[in-house]
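Structural features, examined
Okay, here's what each chain looks like letter by letter:
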Amino acid sequence: MKKHLSSLLQQSIEAQQEQGLLPADVHPLINIERTRDPSHGDFACNIALTLAKPAKKNPRIIAQAIIDTLPTDSMVSRVEIAGPGFINFFLDPLSQHAIIPSILQQGHKFGQSNIANGKKVQVEFVSANPTGPLHVGHGRGAAYGATVSNLLSAIGYQVHREYYVNDAGRQMDILATSVWLRYLQTNDASLTFPSNGYKGSYVLDIAATLRQSYTDTFHANTSDVFNDIPLDEPVGGDKERHIDGLILRAKACLGEKNYRIIFDAALSSILLDIRGDLEEFGVTYDDWFSERSLMDKGAIDTAITKLKASGHMYQKEGAWWFKSTLFGDEKDRVVIRDNGQTTYFASDIAYHLHTLERGYDIIDIWGSDHHGYVPRVKAALQAMGADPERMKVLLVQFAVLYKDGEKMQMSTRSGEFVTLRELQQEIGSDAARYFYVMRKAEQHMDFDLDLAKSQSNENPLYYVQYAHARVCSVMRLLTERGLSYQPDEGLKQLEKLTQAHEVSLINCLNQYSEKLLNAAQQYEPHQLSHYLRELATQFHSYYNSHKFISDDNALMQARLVLINATKQVLVNGLTLLGVNAPESM
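Figured I'd write up the structure that's included with this text. (Residues numbered from 1 in each chain as written. Predicted model: local features only at pLDDT ≥ 70, side-chain atom pairs only at ≥ 80, totals over all residues. Heavy atoms only, no water.)

Let's talk about the pattern of salt bridges
The line we're drawing: Here, a salt bridge means any Lys or Arg side-chain nitrogen found within 4 Å of an Asp or Glu carboxyl oxygen. Numbered from the N terminus, helices here are DSSP runs of H or I no shorter than four residues, and strands are runs of E no shorter than two. Accessibility here uses a 1.4 Å probe with only protein chains present; expressed as a share of the type maximum, an area under 20% marks a residue as buried, one over 50% as exposed, and anything in between as partly exposed.
Taken as a whole, this structure holds 22 salt bridges when the rule is applied. The residue Asp-361 makes a salt bridge to Lys-119 at a minimum N-O spacing of 3.2 Å. Note that Asp-361 is positioned in strand β11 (residues 361–367) and Lys-119 in the loop between α5 (99–106) and β5 (120–124), a separation of 242 residues in sequence. Judged by relative accessible area, Lys-119 falls into the partly exposed class, the value being 43%. The closest approach of N and O atoms between Glu-330 and Arg-333, which form a salt bridge, is 3.6 Å. Since its relative accessible area comes to 69%, Glu-330 is described here as exposed. The exposure class assigned to Arg-333 is buried, which follows from its relative accessible area of 12%.

Digging into the sheet that holds strand β10 (residues 333–336)
Put simply, the rule is: The rule for pairing is simple: two strands pair if DSSP sees at least two bridges between them. To obtain an axis, a line is fitted to C-alpha atoms, over the contacting stretch when the element is a helix, and the angle between two such axes runs from 0 to 180 degrees between their N-to-C directions. We call two residues in contact when some of their heavy atoms are within 4.5 Å.
With respect to topology, three strands assemble into an open sheet ordered β8-β9-β10, the strand pairing being antiparallel. Edge strands, defined here as strands with exactly one partner in the open sheet, are β8 (313–316) and β10. Put simply, the sheet's adjacent strands are angled 45 degrees from each other on average, direction ignored. Where strand β9 (residues 319–322) and β10 come together, three bridges link them in antiparallel fashion. The residue of β10 that forms the bridge with Trp-320 is Ile-336. Taken strand by strand, helix α12 (residues 299–309) contacts β8, β9 and β10, and its axis lies near 95 degrees from that of β8.

Some words on the state of the cysteines
Inclusion rule: We call a pair of cysteine sulfur atoms a disulfide whenever their separation is within 2.5 Å.
Per the counting criterion, the structure on display carries zero disulfides. The thiol of Cys-472 is not disulfide-bonded; the next cysteine sulfur, from Cys-508, is found 18 Å away. Judged by relative accessible area, which is 5%, Cys-472 ranks as buried. Residue classification places Cys-508 among the buried positions, given a relative accessible area of 3%.

In structure tokens, the structure reads:
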């Protein structure tokens, strides 16, 4: 409808320009918005105010001239001037009914478009280090990333969903060493586990599996393991130096082959769990991209060579640094350590360059604590000759889980956290997915577990799903009474839908495509969840005020096509959010 009204306005403006009443060289942007107050019509436009300065005329005079030359249109019942020169459109209520056959004809595709025209974009999300199970904090990034991907696909993007697996680096070494120490601990209970190791029960499970499969293959004398290792923090030492010393000792004691067996066993076990949990959560990927593959392909060396060749790297104290301060960063960043090992930063810039070279624009979804990391990655891309504007980072606040009014802890290192799997078992995937995207991703979120489990109108998901289930119950009751649904007949009788509740519901249906487009273009799934709540509100009000099954067959069929169109839009919206639409509740 916005496009249609814009076309009418454009024709009027061109007519004014041909008559010399408006400057011919002015090409204003026509902006049309839905009105909040029905007394102001259905849509409003500020074009007369925009044209006032170049035309050197009072905007109300311009508005009246535009209205006078506006083409006659059956969908518009009247047009008025409001305030300083706003043009308000009042639509013919019956013209709004045309949305109903469109919904029924297009079905699950209703609301979708091809505005992006197949543009390639990669959405990289979750990508938690495979050092432990996903917890409820990660769940918000998973729900948000999956839904943003769905929304972008719905408006014509070619979306590639990717999980970047950090299967190299210090954190994975800490995990492998933690598993080995737990393995040794099965024979030596006196071993003091490092304060900076991974303590979750999953580490014990991996160690037990290794003991069962390899018996004493990885055995070492614990006194030798801890000999000359820097002291741990609880006894006056440095926990970082302590764990780093144990990593080196593990590699020395085990040798490269056996260390890799433990490393890969830990990685495979945790990745398998992460994959399973995400699939249960309705989140799937086109690719699980390995950080180690960057090294194998020489992509990291290629990126570093580009940085050196551009003159944006220098050597200091044995390490190689990127001149990120030239691009506004607070300090320069190490790319190659003094021991010759590349940093996480080196892998990240190589990964992003590799993605751009594959032809994708990039959307990264990161935790909000990574906000300072964004400018330095973009700076590195620019230094390597890539366009940093092709990379967009969306930040997500971790959700805080509350149960019985108590805040629940989430720390992967300490092992004290609620896993995503436990959350799904507690409230189900639907509730988790919906609640995670109800608010802006960058806003703090308190996840009320008790509300998510409740079956009441206070639970927003229940309220929306119940609207869908109510339509299904009407259709079952229709069959039980020996009556039939005749959509073709109903579509012929749409002029009978004149009650206030019907007009409001139809008006809400007309907004779906626009809400979907805005949610996708602004990367804001909460806009869609809010819309579904409003649609459910309009439906429940209609349901509570009118009978859908009656002796007046013409009216009954018209109402049945309306509620079935509503049902279809509820299904479409919930599907994009990754949520089911149950037929009974």
